[in-house]
6 protein chains.
Amino acid sequence: MQLHLSTWQEVETYLKRSTGIILPIGSTEQHGPNGLIGTDAICPEVVAKGLGEAADAMVAPTISVGIAQHHLGFSGSMCLRPSTLIAVMRDSVISLAKHGFDRFFFLNGHGGNIATIHAAFAEIYSDISLEAWDSKRPIRLTSRNWWDGKGVRELGKKLYGDDEGDHATCSEVSLTQYAYPESIKNVNFESRAPAYSGIYDADDYRRRYPDGRIGSLPSLSTPEHGRQFYETAVENLTVVYNDFLKEDR
Amino acid sequence: MQLHLSTWQEVETYLKRSTGIILPIGSTEQHGPNGLIGTDAICPEVVAKGLGEAADAMVAPTISVGIAQHHLGFSGSMCLRPSTLIAVMRDSVISLAKHGFDRFFFLNGHGGNIATIHAAFAEIYSDISLEAWDSKRPIRLTSRNWWDGKGVRELGKKLYGDDEGDHATCSEVSLTQYAYPESIKNVNFESRAPAYSGIYDADDYRRRYPDGRIGSLPSLSTPEHGRQFYETAVENLTVVYNDFLKEDR
Amino acid sequence: MQLHLSTWQEVETYLKRSTGIILPIGSTEQHGPNGLIGTDAICPEVVAKGLGEAADAMVAPTISVGIAQHHLGFSGSMCLRPSTLIAVMRDSVISLAKHGFDRFFFLNGHGGNIATIHAAFAEIYSDISLEAWDSKRPIRLTSRNWWDGKGVRELGKKLYGDDEGDHATCSEVSLTQYAYPESIKNVNFESRAPAYSGIYDADDYRRRYPDGRIGSLPSLSTPEHGRQFYETAVENLTVVYNDFLKEDR
Amino acid sequence: MQLHLSTWQEVETYLKRSTGIILPIGSTEQHGPNGLIGTDAICPEVVAKGLGEAADAMVAPTISVGIAQHHLGFSGSMCLRPSTLIAVMRDSVISLAKHGFDRFFFLNGHGGNIATIHAAFAEIYSDISLEAWDSKRPIRLTSRNWWDGKGVRELGKKLYGDDEGDHATCSEVSLTQYAYPESIKNVNFESRAPAYSGIYDADDYRRRYPDGRIGSLPSLSTPEHGRQFYETAVENLTVVYNDFLKEDR
Amino acid sequence: MQLHLSTWQEVETYLKRSTGIILPIGSTEQHGPNGLIGTDAICPEVVAKGLGEAADAMVAPTISVGIAQHHLGFSGSMCLRPSTLIAVMRDSVISLAKHGFDRFFFLNGHGGNIATIHAAFAEIYSDISLEAWDSKRPIRLTSRNWWDGKGVRELGKKLYGDDEGDHATCSEVSLTQYAYPESIKNVNFESRAPAYSGIYDADDYRRRYPDGRIGSLPSLSTPEHGRQFYETAVENLTVVYNDFLKEDR
Amino acid sequence: MQLHLSTWQEVETYLKRSTGIILPIGSTEQHGPNGLIGTDAICPEVVAKGLGEAADAMVAPTISVGIAQHHLGFSGSMCLRPSTLIAVMRDSVISLAKHGFDRFFFLNGHGGNIATIHAAFAEIYSDISLEAWDSKRPIRLTSRNWWDGKGVRELGKKLYGDDEGDHATCSEVSLTQYAYPESIKNVNFESRAPAYSGIYDADDYRRRYPDGRIGSLPSLSTPEHGRQFYETAVENLTVVYNDFLKEDR
């Protein structure tokens, strides 16, 4: 179930059988010459939708903009400050908890978000601890990247070998091609992008990785590969999500 | 053009012909027994997409959660605090301005957001004034509701008369039915919802408007009506948007 | 009763008969060549005092500085950021609520404050909802502009026609002349100020409206007119305020 | 000159001869059985007005609500959090600095504000240092209490001896009686209030000082005494203020 | 007892006999040619350790960086904004209060911190008052400077007369020499530093006091003097601390 | 060199040969029955001191309190909210950057801090990008845990095998025993602590890990082991630190 396509009565009914919710969280940032700026939001959104169907789970609207200061050297990249994203996550969790949701599963699409997601969890737990704020059951917060499900990395390795890369990866480009086939960009790449050598800030990033990619050769991406990534991710995250719900403490 | 479906080079090219951008902003909140919780995000998102095509304008990802404390009495409603939404809008504008965007057109789908959108504009202008922050050209911020385009209200009046209402209106339910025909909910309504009599907080709202609607009878909504609202809104907002870009001071 | 001229025992006694309080809120910003910089604080302060007497209502000290970034192009204009004013209003409401006040009637003198006042209401209600903060009765927040009382606009139209204008209006200048006759400024105006054509930021404002006025010819203002505005506003706001107190939900 | 009773052109003219400004800052809190809740705002406001006339100095609107958590045990007391007052002072200073003001003289009426005023100064200087924010001349911030002028404490000692006290003092009650003779409260006091023995929070304050006074017997206060305090304070603060302006570094 | 050298079971045992805790708070800022940058953190840390032993009191880790914008003109000085230090103190107090600590004794080493420490106390009490936050017994917050203990100033006067000074004082330099004899710096001073003449910001400070000292001649400092300061401070603060614990309201 | 034991002239001299600085950052939280509450601050402080000597690097004062909400179920644990720690790190970096420091090497002692440290880096870089704040050379921020140096984990494995554990590990207890031999606690352990099975909040932690340890048997710890960990860590981090300084972009 997708929250934005449900009515409040449907949510009320859902809450009688489950208090879990999946929150896709991404980023809006350059993904090289043939990667969509929305890649990191599209991937968890698409996988979350599939996971919601497979696990009969509620899916919240995607948080589309994330921590991407280091991509500001490329046109169109947007970013939130970490303190802003923490506030967004806190308000989202607390308002959903008013209705009885207490198992929050953030499905992330952007490596750069991971630190701030965990900082936000600590901030929310601190609010609960320090302000004596109550919910019916204890709030439980967890996060997974869409590529964390067993088999996804293996598939990338099998399909692309070392050309998979670290940013604007072949796998994520494939997944967006599967999701938005009408937006596939035809671009010639001369070669694999420079390998990962660290990142400081936006200027440093642009200097190290001139066209935005890190270590990838996403001309190898295809929508059919995307379908395989989608199915593998959904299948395995369904297990992870259900395990999360089972923890009853 | 949709930012999330573009590459950074496409954005770079776009910026040579225009520095305008449309930012849909909505809310995730109950819309009565047959209205989708995402109604106020879906409507501006759909209209913004059409407007982007009609006006050759860039469209940013939708800000999906807004100011909706007063809907927290109904399951599934989410809200940001105004101070959080101000931070989100500020970071979004400032990061886009780094690339040269300087005409920001927020397309809003939720009456409850209007005050905070204008507060955010004042906050951003204050940052610029008080911190001597620069951009190539002065930043210009404006907002319109999707129903502000000439002809939309008239169409609602013609189709529904007094049954249009003030929340979970027939027109917005129609527009979401046009956008998501597979999510149309079949609900029987005994009568038009209670007329608007003020709103304080969430408890007060639920007491005044027991099923969430205000003054509307959205069993009258149809996808075909939605198409008419869509086309009318896009046509007229195109004029408004182009006028905004023309202001050269 | 004015809070600042009362003792705490007098307030304690007042609270036994009413839990309402009027909070004047204004701005400190240019009002053209013959308008006082304090106009938008003086007007609600003076009307609130009269309303307090007419309705036996407590009147809090005036919040004198407001949202006025767009006036910073003119010497002497002061402003708060919206986030600062939200904090001021929140602390004021919450500290008064400790004593049992629960009907807060903000009487506003500045159009530019309206958005932030409503954003502050949403922030305060969110604090209450999300932090489970309690008061004896639910907190109710409302606001009116001093010129909202029935008859005030009509009086302006009758006295000045189209010369009333939109900033540094004839009516508000008259009201300050009634309140501070010793501070009347004698200024010759060649003509009515340029009509309203939009406002972005401070630089834009100064360019559009070179002497600060918008659409007005306040050489028409007189203290006697001010007296009429005062009496009309107080009479009609008394009805509005008493209706607000009557809502018992 | 009072800023709120001036026009922007008058301020522009003033700035050619001086860049100094006096900002009265007070509190809205109980002052015992015959002291006005506004005492700590009224006193600096009245003295600032006189000082403005004596020194040809601009006087800003009074910041009426201050740091008074410890008075919340008595009806009608209001408070700001220190973080809120710091933001108010920062925005006020920075917006006035846009016009060329650079000598800020806060005239304080409340002992409880002193710490936060100095914290705000450090915050503003940190903003300047750390954000490389510029003004034509360096910003200089200072503060004095209205009773700091030479001779004021001596006068209190002479008139009241040990009955002057530490809160709801005879001198401040006299000064408000001089300023608002129509608001003099007739109250019988059995005796001098308990001497100062420390203050923690609001509950502790009320327990130690049951009627709100500390160490004072303000039945001794008279409007004529108030006039003497006023004149002494103004005379001596004029010297202090002029010395402040002379520091040219 | 030092918190950082204890186990949680030892703290649990301690809490059965006392709920008091000493929190050293200092600054990291220049102290002239022979004073250590850590002087203002070292002094309260060392005295707190002695006081902890003498009074059987728990000692928290030192807050080492404080309010020192005015020292940024000298290499190595660090500072927090007051709003940051307030947050640090609030989180520290609130997290310790979860365990039952309710008597917080801040032992300060830096005059520039005093205002912000008291602002933080007001902020914490406001949180308690305004958010209805509970602890077993009321929280009590107090602070003392390490030199406040009876006898310390007298000792400085006796040893150094007018050469004691106001910053990089002979007494504090002696105390750090006692604490860190291996870090004694041999520096020749031509003369006593310029006397205190006020401080605005960092640039102003450096201009007034070119080598960082104010009014002192710390070539007079010796480790043996440091020992005397240490013993005097500990002896007298033990009385102060025990009196603080005795206040049972 | 340790900043707190240096004079400002010594720092000025240091800056001519290096612009790097090491900032130890830890936590103050339970470490089981024989682990010190200060373990996570002591370890990086001690290693940083050694690293400073080995690499001729400046070492800042330790940030002693960190992200430890999940330990609040055990007496004596303290925590900062992530938003507070971000502010502390931002102010520390920005004030040091005023003097010319531009290579910031945070040496961390607490796994729970890692996410927030990286969030703080993104916040600081965002401030730089979005506010156009300048330093002589670009600011570079990095962090390492004290146990990241090559060989440390291997040593733990060799000495303790699977008894090393994940919290209150044998290695960190050994390192604190080496640093503070007078504070070694003699405790009998029946067995290794429960293995890591996830952590949500403080209540959950206490339930899963009743005496605070995770997976360790720190009765195996010795000061001599501590010396080996110290030397291994310093040796290897010296290489890492020098590599960091060499990156010249």
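Preceding this section is the structure that the text describes.
Parameters and conventions
Residues numbered from 1 in each chain as written. Chains lettered and ligands numbered in written order. Predicted model: local features only at pLDDT ≥ 70, side-chain atom pairs only at ≥ 80, totals over all residues. Heavy atoms only, no water. Helix = DSSP H or I, 4+ residues; strand = E, 2+ residues; numbered from the N terminus. Rg over C-alpha atoms; globule rule 2.2 N^0.38 Å. Contact = heavy atoms within 4.5 Å. Areas by Shrake-Rupley, 256 points an atom, 1.4 Å probe, with all protein chains shown as cover. Lys, Arg positive; Asp, Glu negative; His and termini not counted. Charge placed at Lys NZ, Arg CZ, Asp CG, Glu CD. Core = buried A, V, L, I, M, F, W, Y, C linked by side-chain atoms within 4.5 Å. Buried < 20%, exposed > 50% of the residue type's maximum accessible area, 1.4 Å probe, protein only. Pairing = 2+ DSSP bridges. Axes fitted to C-alpha atoms, helices over the stretch in contact; angles between N-to-C directions. Expected span 1.5 Å × (residues − 1). Buried area = accessible area lost by both parts, 1.4 Å probe. Salt bridge = Lys/Arg side-chain N within 4 Å of Asp/Glu carboxyl O. Polar contact = N/O pair within 3.5 Å; in protein donor to acceptor, adjacent residues only side chain to side chain. Least-squares fit on C-alpha atoms with pLDDT ≥ 70 in both. Parallel < 35°, antiparallel > 145°, perpendicular 65-115°, else oblique. Left-handed = near helix turned anticlockwise from the far one by under 90°. Nonpolar A, V, L, I, M, F, W, Y, C, P; charged D, E, K, R; others polar. Phe/Tyr/Trp six-rings, centres within 6.5 Å; stacked < 30°, edge-to-face > 60°.

K.L.:
So what exactly am I meant to see when it comes to the overall build of chain A here?
P.N.:
Across its full length, chain A holds eight helices and four strands. From first element to last, N terminus to C terminus, chain A shows the α and β order α-β-α-β-α-β-α-β-α-α-α-α. A globule of 249 residues ought to have a C-alpha radius of gyration of about 18 Å, and chain A, at 18 Å, matches this closely. Dimensions along the principal axes, computed over C-alpha positions, put chain A at roughly 55 × 35 × 30 Å. The long-range share in chain A, meaning contacts at least 24 apart out of those at least 6 apart in sequence, stands at 77%. With the model as given, the accessible surface of chain A reaches about 8300 Å², and the carbon-plus-sulfur share is 48%. Looking at charge distribution, chain A has the averaged site of its 24 positive side-chain charges lying 3 Å from that of its 32 negative ones.

K.L.:
Explain the nonpolar core to me, please; I cannot follow it from the model alone.
P.N.:
Where a protein is soluble and globular, its nonpolar side chains tend to be buried together. By size, the foremost hydrophobic cluster in this structure holds 409 residues, and its most contacted members are Phe104 of chain A, Phe104 of chain B, Phe104 of chain C, Phe104 of chain D, Phe104 of chain E together with Phe104 of chain F. The residues touching Phe104 of chain F, leaving out its near neighbours within four places in the chain, are Ile21, Leu23, Val93, Leu96, Ala97, Ile139, Arg140, Leu141, Thr142 and Phe244 of chain F.

K.L.:
Help me understand the sheet that holds strand β4 (residues 140-145) of chain D, please; the structure alone is not making it clear to me.
P.N.:
In a beta sheet, neighbouring strands pair by backbone hydrogen bonds and run either parallel or antiparallel. Residues and elements named next belong to chain D. A sheet is described by the order of its strands in space; here four strands give the open sequence β2-β1-β3-β4, paired in parallel fashion. At either end of the open sheet lies a strand with only one pairing partner, and these are β2 (58-59) and β4. Judged from the two bridges that link them, strand β1 (residues 20-25) and β2 form a sheet pairing that is parallel. Paired with Ile21 across the two strands is Met58, which belongs to β2. Running over the sheet, helix α2 (residues 39-55) touches β1, β2 and β3 (103-108) and is turned about 160° from β1. Lying on the sheet, helix α3 (residues 82-97) is in contact with β1, β3 and β4; it crosses β3 at an angle near 145°.

K.L.:
When you look at the sheet that holds strand β4 (residues 140-145) of chain C in this model, what are you seeing that I'm missing?
P.N.:
All names here are of chain C. Pairing within the open sheet is parallel, and its four strands lie in the order β2-β1-β3-β4. In this open sheet, the two strands that pair with only one neighbour each are β2 (58-59) and β4. Against the sheet, helix α2 (residues 39-55) makes contact with β1 (20-25), β2 and β3 (103-108), and its axis sits at roughly 160° relative to β1, the strand it touches most. Across the sheet, helix α3 (residues 82-97) lies against β1, β3 and β4, angled at about 145° from β3, the strand it touches most.

K.L.:
Help me out: how do you make sense of helix α3 (residues 82-97) of chain A in this one?
P.N.:
Structurally, the α-helix is built with 3.6 residues per turn, so residues lying three or four positions apart point the same way. Look at α3 of chain A: 22 Å from first C-alpha to last across 16 residues, which is about the 22 Å you get at 1.5 Å a residue. The element α3 of chain A is largely enclosed, with a buried count of 15 among its 16 residues.

K.L.:
Explain the interface of chain A and chain F to me, please; I cannot follow it from the model alone.
P.N.:
At the interface, 31 residues of chain A touch 31 residues of chain F. Taken together, both faces of the contact between chain A and chain F bury some 2900 Å²; the carbon and sulfur share is 53%. Joining chain A to chain F, the criterion identifies six salt bridges. Asp127 of chain F is the partner of Arg81 of chain A in a salt bridge, and the nearest nitrogen-oxygen pair spans 2.5 Å. On inspection of chain A and its partner chain F, the count reaches four residue pairs in polar contact (both at pLDDT 80 or more). Secondary structure elements with two or more residues in the side of chain A that touches chain F: α3, α4 (114-131), β4 (140-145) and α7 (202-208) of chain A.

K.L.:
Would you explain the relation of the copies chain F and chain E in this entry?
P.N.:
The relation between the two copies of this chain is a rotation about an axis and a shift parallel to it. Expressed as a screw operation, the relation of chain F to chain E combines 0.0 Å of axial shift with a rotation of 180°, fitting to an RMSD of 0.0 Å. The relationship between the two copies is best expressed as a two-fold rotation axis. Residue Thr84 of chain F, judged by its C-alpha, is the member of chain F lying nearest the rotation axis, at 3.4 Å. A symmetric contact is evident, with 100% of the interface residues of chain F recurring at the interface of chain E.

K.L.:
Would you mind going over the pattern of salt bridges with me for this structure?
P.N.:
Once the charged atoms of two side chains with opposite charge are near each other, the side chains can pair. Scanning all chains against the criterion turns up 96 salt bridges over all chains. For Arg140 of chain F, the salt bridge identified is with Asp201 of chain A, shortest N-O distance 3.6 Å. Taken together, the residues span two chains, with Arg140 of chain F in strand β4 (residues 140-145) and Asp201 of chain A in the loop between α6 (170-179) and α7. On the basis of relative accessible area, Asp201 of chain A is assigned to the buried category, the value being 8%. Between Glu231 of chain D and Arg227 of chain D there is a salt bridge whose closest N-O contact spans 2.9 Å. On the criterion of helical spacing, the pair formed by Glu231 of chain D and Arg227 of chain D is a turn pair, its members being four residues apart in helix α8 (residues 223-246). Arg227 of chain D gets classed as partly exposed once you look at its relative accessible area, which sits at 28%. It is possible to trace a salt-bridge network through shared partners that takes in Arg140 of chain A together with Asp201, Asp204, Arg207 and Arg208 of chain F.

K.L.:
What's the story with the packing of helix α2 (residues 39-55) of chain F against helix α8 (residues 223-246) of chain F in this structure? I'm lost.
P.N.:
Think of two packed helices as two axes; the pair is described by the angle between the axes and how far apart they sit. All names here are of chain F. For the pair α2 and α8, interaxial distance at closest approach is 9 Å and the crossing angle is 55°. Relative to α8, the element α2 is oriented oblique. Handedness of the α2/α8 crossing: right-handed. Within the contact between the two elements, α2 uses Val46, Val47, Gly50, Leu51, Ala54 and Ala55 and α8 uses Tyr230, Ala233, Val234, Leu237, Thr238, Tyr241 and Asn242.

K.L.:
Honestly, the packing of helix α6 (residues 170-179) of chain F against α8 of chain F in this entry has me stumped. Any pointers?
P.N.:
All names here are of chain F. At a minimum axis distance of 7 Å, the contact between α6 and α8 shows a crossing angle of 100°. By the angle class used here, α6 and α8 are roughly perpendicular. Contacts between α6 and α8 involve Ser171, Ser174, Leu175, Gln177 and Tyr178 from the former and Pro223, His225, Gly226, Arg227, Phe229 and Tyr230 from the latter. The residue makeup of the contact of α6 with α8, split by class, is five nonpolar, five polar and one charged.

K.L.:
When you look at the relation of the copies chain A and chain F in this model, what are you seeing that I'm missing?
P.N.:
Overlaying chain A on chain F yields an RMSD of 0.0 Å, the required transformation being a rotation through 180° with an accompanying axial translation of 0.0 Å. When the interface residues of chain A are mapped onto chain F, 100% of them are again interface residues, pointing to one common binding face.

K.L.:
Explanation requested: the environment of Tyr230 of chain B in the structure shown.
P.N.:
All names here are of chain B. Among the secondary structure elements, Tyr230 is positioned in helix α8 (residues 223-246). What makes Tyr230 buried here is its relative accessible area of 15%. For the pair formed by Tyr230 and Leu175, sequence separation is 55 residues and the distance between their alpha carbons is 6.7 Å. The contacts of Tyr230, once residues within four sequence positions are left out, are Val46, Val47, Gly50, Leu175 and Tyr178.

K.L.:
Looking at this model, I keep getting lost on the packing of aromatic side chains. Mind explaining?
P.N.:
The geometry of an aromatic ring pair comes down to the distance between the two centres and the angle between the two planes. Inspection of the entire model under this criterion finds 66 aromatic pairs over all chains. Centre to centre, the rings of Phe105 of chain A and Phe244 of chain A are 6.0 Å apart; their planes meet at 50°, and the pair counts as tilted. Residue Phe105 of chain A is located in strand β3 (residues 103-108), and its partner Phe244 of chain A is located in helix α8 (residues 223-246); the two are separated by 139 residues in the primary sequence. Side by side, Phe105 of chain A and Phe244 of chain A carry an identical accessibility label, which is buried. Ring pairs connect the aromatic residues Trp8 of chain A together with Phe74, Tyr205 and Tyr209 of chain B, which therefore count as one cluster.

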